[in-house]
Each structure stands twice: as structure tokens, then as C-alpha cells.
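Coordinate inspection notes
Here are the chains, one letter per residue:
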Amino acid sequence: SAGEEETFTYSIMTDDIVSFKSIATLSYIFAGKEKTKKSDPITIEVQKPFALSHTISKAAADKNEVVDYNLTITNNDETSELDIKNLQISFPSKIKLVNTPIGLKEENNELIFKGTLEKKKSKSFAIKIKSPQVGKFTIKTSINAEMGGRDFKEDIEKQLSVGLSYILPILNITDTVKSN
């Protein structure tokens with residue numbers, strides 16, 4: 001009947017961790033002719049089953065000032081464990097490790113973790129670092145993991161500036177205008 005509305009739903013299944021747009025298409029016959037309508041696109045984000053996040057207590061520090069670098073891995077999956085084949089935190093050679101948290105193995109200014117993270121669990125590492133030298137440094141973290149027969153890889157970076165001053169010059173300009 002004229003003016004009637006009908007709501008319908010549809011299900012989709014993805015086979016990859018991607019972002020994509022879904023558009024529903026409806027075909028119907030009206031007055032003996034086939035008509036087609038399309039819905040507005042809906043963007044769907046298929047999330048990885050885990051999250052890797054990191055923070056640094058200060059993006060700019062003084063020489064030899066201790067800075068906290070915190071890393072958290074979260075298994076968001078409700079049904080499977082996350083097998084962490086290799087988690088590697090790489091510090092530039094001019095960054096010194098003040099502590100090595102339990103569970104991490106230190107090798108050549110890198111911290112390494114391998115293990116399993118149970119479903120819906122997180123693991124965090126609090127790492128204290130400092131630098132006796134001035135510079136801008138990049139801390140690189142990478143993870144290789146597996147869940148349900150599928151391999152995952154992610155790389156993240158954090159910047160740390162040590163002893164770099166951002167001095168803004170103040171200019172006083174005086175101008176004298178003489179009139180005749």
C-alpha cells in the first residue's frame with residue numbers, strides 16, 4: 001500500500017581485518033517495472049582481535065631525566081588466546097634502560113616478550129628510560145602474533161626529545177617616525 005514502510009536487516013561476514021563500505025540494494029516491481037533502490041553507504045571497521053597501545057610520561061625531557069614508557073597489549077577476543085610470537089621494543093643506543101620489567105628479556109637495547117595472552121586479558125609493561133645525551137629519539141615497538149590460525153603484525157612509534165630547548169626569540173623593534 002502507498003506510504004507503507006518495511007524494515008529489513010542483512011548480515012555480512014568478512015574474511016579480513018579491513019575497513020569497507022556496505023550498501024544494501026533493494027529491487028522490487030512497481031507498475032510492472034523493476035525498480036532498484038540503494039541505501040546510503042555504511043562504513044564498517046573490522047577490528048583486530050587485539051590492541052597495542054603505548055604512552056610516554058614526557059615527550060620532552062632533560063638530560064638524565066627518568067621518563068616512563070608504558071606499553072599495554074590487550075586481547076579483545078572473547079573466545080581465543082593471543083599467541084605473541086614476538087613483541088620487540090627497540091630503543092636507540094643513546095637511550096639507557098633504567099629498569100627491565102619482569103617478563104621482558106633485554107638484548108642490545110631491545111626488550112623482547114614472547115608468550116600467550118588469555119582471552120579478554122591485558123598485559124602491561126612499565127619501563128623507565130633516560131638519556132645522558134641530547135637528541136630526538138624514536139622508540140619503536142613491533143608485535144607478531146597469531147590467533148585462530150591467522151597472523152597479525154603491528155608497528156608503532158613514540159618520539160622522545162632530550163635536552164632540546166625550544167627558545168622563542170623576542171625581538172623589540174623600535175621605529176621612529178619624524179615629520180617635517
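Everything here concerns the structure above.
None of these values were measured; they are calculated from a predicted model. (Residues numbered from 1 in each chain as written. Predicted model: local features only at pLDDT ≥ 70, side-chain atom pairs only at ≥ 80, totals over all residues. Heavy atoms only, no water.)

1. A short note on the nonpolar core
What counts is decided by this rule: By nonpolar core is meant a set of buried Ala, Val, Leu, Ile, Met, Phe, Trp, Tyr and Cys residues that side-chain atoms within 4.5 Å join together. Whether a residue is buried, partly exposed or exposed follows from its accessible area with a 1.4 Å probe, protein chains only, as a fraction of its type maximum: under 20%, in between, or over 50%, in that order. Secondary structure follows DSSP: runs of H or I at least 4 residues long count as helices, runs of E at least 2 residues long count as strands, and numbering of each begins at the N terminus. Contacts: residue pairs with any heavy atoms within 4.5 Å of one another.
I73, L87, F91, I127 and I129 are the most contacted members of the largest nonpolar core, which has 31 residues in total. Elements with a contribution of two residues or more to this core: strand 5 (50-56), strand 7 (67-75), strand 8 (82-90), strand 11 (110-117), strand 12 (122-130), strand 13 (135-147) and strand 14 (150-162). It is strand 13 that provides the largest number of residues to this core, a total of 5 residues. With sequence-adjacent residues up to four places away left out, I129 is seen in contact with E65, V66, V67, Y69, F91, I95, K96, L97, V98, I139 and L160.

2. Quick notes on the side chain of E154
Position of E154 relative to the elements: it lies in strand 14. In this structure E154 comes out as buried when scored by relative accessible area, which is 17%. If sequence neighbours within four positions are ignored, E154 has contacts with K48, F50, L52, T141, S142 and I143.

3. Regarding the packing of aromatic side chains
Our working definition: Two rings from Phe, Tyr or Trp (for Trp, the six-membered ring) form a pair when their centres are within 6.5 Å of each other. A pair whose planes differ by under 30 degrees is stacked, one over 60 is edge-to-face, and the rest are tilted. In this scheme, the term charge over a ring applies when either NZ of a lysine or CZ of an arginine sits within 6 Å of the ring centre and within 35 degrees of the ring normal.
A full pass over the atoms with the stated rule returns 3 aromatic pairs. Aromatic pair F50 and F152: ring centres 5.9 Å apart, planes at 75°, arrangement edge-to-face. Residue F50 is found in strand 5, and its partner F152 is found in strand 14; the two are separated by 102 residues along the sequence. Assigned by exposure class, F50 and F152 land together as buried. Each ring, one from Y69 and one from F91, has its centre 6.1 Å from the other, and the planes form 85°; the classification is edge-to-face. Taken together, the positions of Y69 in strand 7 and F91 in the loop between strand 8 and strand 9 (96-97) put the pair 22 residues apart, joining distant regions of the chain. Residues Y69 and F91 agree in their burial class; the two are buried. The residue whose ring lies beneath K48 is F50, and the NZ or CZ to ring-centre distance is 5.7 Å.

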